[in-house]
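Inside the fold
Okay, here's what each chain looks like letter by letter:
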Amino acid sequence: MTENSPEKIPSPLLSLVPVLVLVGLLVIAIRIFGGDTMEGASQIVLLIATAVCVLISMTYGGVGWGKIESTIVGNISGVTTALLILLLIGALSGSWMVSGIIPTLLYYGVQIIHPDYFLVTTCIICSIVSLVTGSSWTTVATIGIALFGIGKVQGFHEGWIAGAIISGAYFGDKMSPLSDTTILASSITDTPLFKHIRYMMITTIPSLTIALLIYLIAGFSNEGISFEDIKDFTAALSRSYHISIWLLAVPLGMCVLIAIRVHPVITLFLAVVGAGLFALIFQPELLHQISGSAELNASSIFKGLIITFCNSTQIETGNASLNELVSTRGMAGMLNTIWLIICAMCFGGAMKAGQMLTSITSLFLRFMKRTVGLVTSTVFAALFFNTCTADQYLSVILTGDTFKDIYKQKGYESKLLSRTIEDGATVTSPLIPWNTCGMTQATVLGVSTFVYLPYCFFNLLSPLMSILIAATGYKIKRTIVKA
């Protein structure tokens, strides 16, 4: 095939071949590598699926390599900010732990939050924080890590803890007027922002209510640990760190920066710098311990601080479970995730260049005779785009572009499409292991996507609630369009 050969759109069945190869090989990889799948196997699987896609596009579709390459490059360039944010989150998680910010939150949190109400409280706290900040990533990487540690101390399964954190974080990501996805979904469908948010409440509030009820019941069924164990834990924390309420000035300052709409990269950078300064002030002995140097001096403290930002740290607290909890991986711990994102962008770019996404989308158009069929098709299309493009922003944009004219032609208000996009794309993104959101949350919390997925009740219920409300026709207006 030459670069000037006429391009041909492959059939939906042929277009599904790379997707089936991806899913099939991932299943095999997970069975063989288990929890280590994300450390290389998933990346290779994505590249193999990309190669299959390129082969079909060039031999059958007549697509030149130049177009495929430029589309892949465009996909990767579109997530460069996200990659930078990931590196900063790695530095933030390390510096917030070593500086004593997260240990301080742990110290007070395990004494304040009752185990019976931990899961429901966690979901509510993350909902409020993400609603105020508009960012699920920031919520999980800050208060989420602290709550995860508290839950582990109180004896909860890591899947339940991560599920409650992510459910709350994505409630705010979906409903906050400061959220990128909320703004994007409303703008791509030409829906006024606050009209879009009000309409989303019809599906979002019931989904969150059910999720909170489940977390409340699960909290009462947890056996937990004894008061003596919690006392030992807090004693180990106070021995290992200088616990001070002043350390909370950094997260409070970060919340202020987010509230006044400072760019996320700048906000996270300043949060890392602030934590680094507090580490120098409050935890110089720990920095010396991390450096591995024989003598405590300015050089060893500086070395420990740099290691905290960029590499893994392991602090000896005298408590085995706490040792594991306070260990960090720094920027280096994010490299597998960044590698995975780049490979996922290659797959999404190849699928887009070969027009396979367009071909597969045509399958959804056959089920649009009624309102429930239209909404269901939109939800599944959003899920499909989340799976194939591995990026929630691309999923929101592609779903909006695909269905915008269809909703208008059938006489539906644009707010129905914008709400369905959020129900199908925004909240499901962390449930897909190779999606940027799924990879990020799994890496930050240290819990496999497959482990926390069954417990993300808000994320699982939202698309189902969207379809259920559509079936009832509640608050759905339609204008009969004359031919």
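These figures come from a predicted structure and were not determined experimentally. Every chain is numbered on its own, with residues counted from 1 as its sequence reads. A pLDDT threshold of at least 70 governs which residues receive local features in this predicted model, and a stricter bar of 80 or more applies before side-chain atom pairs are shown or counted, although totals over entire chains, interfaces and linings include all residues. The side-chain quantities take in all heavy atoms of the structure and omit both hydrogens and water.

This part is about unusual backbone geometry. The backbone of aspartate 190 sits at a positive phi, close to 60 degrees, despite the residue not being glycine. Looking at the secondary structure, you find aspartate 190 in the loop between helix H9 (180–188) and helix H10 (193–221). Helix and strand assignments follow DSSP, with helices taken as H or I runs no shorter than four residues and strands as E runs no shorter than two, numbered in order from the N terminus.

Bringing empty space enclosed by the protein into the picture now. Grid points spaced at 1 Å over the protein atoms alone were grouped into cavities, where a 1.4 Å probe fits but cannot get out, and pockets, open sets with protein on both sides within 12 Å along at least five of seven lines, with lining residues defined by an atom within 4 Å of a point. Grid points are joined across faces, edges and corners, and a volume is the space filled by probe spheres set on the points. Within the structure shown, the criterion is met by 1 cavity of 30 Å³ or more. Of the pockets and cavities examined, the largest cavity occupies roughly 40 Å³. Any residue that is not Ala, Val, Leu, Ile, Met, Phe, Trp, Tyr, Cys, Pro, Asp, Glu, Lys or Arg is counted as polar, Gly included; the first ten are nonpolar and the last four charged. Residue classes in the lining of the largest cavity are distributed as 6 nonpolar, 2 polar and no charged.

Working definition of a nonpolar core: buried Ala, Val, Leu, Ile, Met, Phe, Trp, Tyr and Cys residues. They are joined through side-chain atoms within 4.5 Å. Here the term buried applies to any residue with accessible area under 20% of the maximum for its type, exposed to any over 50%, and partly exposed to those in between, with areas from a 1.4 Å probe on protein chains only. Judged by nonpolar contacts, the single largest core of 150 residues is most densely connected at Trp96 and Met351. Whether two residues are in contact is decided by their heavy atoms, any of which lying within 4.5 Å being enough. Not counting the four nearest positions on each side in its chain, tryptophan 96 is found in contact with Ile101, Ile102, Pro103, Thr142, Val250, Pro251, Met254, Ala271 and Ala275.

Another aspect to go through is the packing of helix H18 (residues 356–364) against helix H19 (residues 371–389). Lines fitted to C-alpha atoms define the axes here, with helix axes fitted over just the stretch in contact, and angles between the N-to-C directions of these axes take values from 0 to 180 degrees. Where H18 contacts H19, the axes come no closer than 10 Å and their chain directions differ by 155 degrees. In terms of orientation, H18 and H19 fall into the roughly antiparallel class. Taken as a pair, H18 and H19 cross one another with a handedness that is right-handed. Here Leu357, Ile360, Thr361 and Phe364 of H18 lie close against H19, whose contacting residues are Ser377, Phe380, Ala381, Phe384, Phe385, Cys388 and Thr389. Tallied by class, the residues present in the contact of H18 with H19 amount to 8 nonpolar, 3 polar and no charged. Each angle is binned into one of four classes, with values under 35 degrees roughly parallel, values over 145 roughly antiparallel, values of 65 to 115 roughly perpendicular, and all other values oblique. Note: crossing handedness is left-handed where the near helix turns anticlockwise from the far helix by less than a right angle, and right-handed where it turns clockwise.

Further remarks concern the side chain of glutamine 392. Assignment of secondary structure puts glutamine 392 in helix H20 (residues 392–409). Using a relative accessible area of 3% as the deciding quantity, one classes glutamine 392 as buried. Each polar contact in these results corresponds to two N or O atoms within 3.5 Å; when the atoms are within protein, one needs to be able to donate a hydrogen and the other to accept it, and residues that are neighboring in sequence are counted only if both atoms are side-chain atoms. A polar contact is formed between the side chain of glutamine 392 and the backbone oxygen of threonine 426, at a distance of 3.4 Å.

Before going further, it helps to examine the state of the cysteines. Two cysteine sulfur atoms form a disulfide, by the criterion used here, when they sit within 2.5 Å. Using the criterion set out here, one finds 0 disulfides in the structure. Of all cysteine sulfurs in the structure, the one in cysteine 126 sits closest to cysteine 255, which takes part in no disulfide; the separation is 12 Å. Residue cysteine 255 is classed as partly exposed on the basis of its relative accessible area of 32%.

Turning to the packing of helix H21 (residues 414–426) against helix H24 (residues 457–472), a few remarks are in order. One way to put it is that H21 packs onto H24 with a least axis distance of 7 Å and a crossing angle of 145 degrees. Regarding H21 and H24, the two cross each other, and that crossing is left-handed. Together, Arg419, Thr420 and Asp423 of H21 and Ser462, Pro463, Ser466 and Ile469 of H24 make up the contact between the two elements. Residues that form the contact of H21 with H24 fall into these classes: 2 nonpolar, 3 polar and 2 charged.

Next up on the list: a nonpolar patch on the surface. Every patch collects residues that have over 30% relative accessible area and no salt bridge, joining them within 9 Å if they carry like charges and within 5 Å if they are nonpolar side chains (Val, Leu, Ile, Met, Phe, Trp, Tyr). Methods summary: accessible areas were calculated by the Shrake-Rupley approach with a probe of 1.4 Å, and residue burial reflects only the protein chains presented. Salt-bridge detection follows one rule: a side-chain nitrogen of Lys or Arg within 4 Å of a carboxyl oxygen of Asp or Glu. Taken together, the side chains of Ile266, Phe269, Leu270, Val273, Leu277, Leu280 and Ile281 present a nonpolar region at the surface, about 630 Å² in accessible area. Relative to the assigned elements, leucine 280 resides in helix H13 (residues 264–282). Given the relative accessible area of 37%, leucine 280 is considered partly exposed.

Time to look at the environment of isoleucine 197. Among the secondary structure elements, isoleucine 197 is positioned in helix H10. Using a relative accessible area of 9% as the deciding quantity, one classes isoleucine 197 as buried. Distance from isoleucine 197 to methionine 175, taken between C-alpha atoms, is 6.0 Å for residues 22 residues apart in sequence. In this structure isoleucine 197 touches Met175, Ser176, Pro177 and Thr182, once residues within four positions along its chain are discounted.

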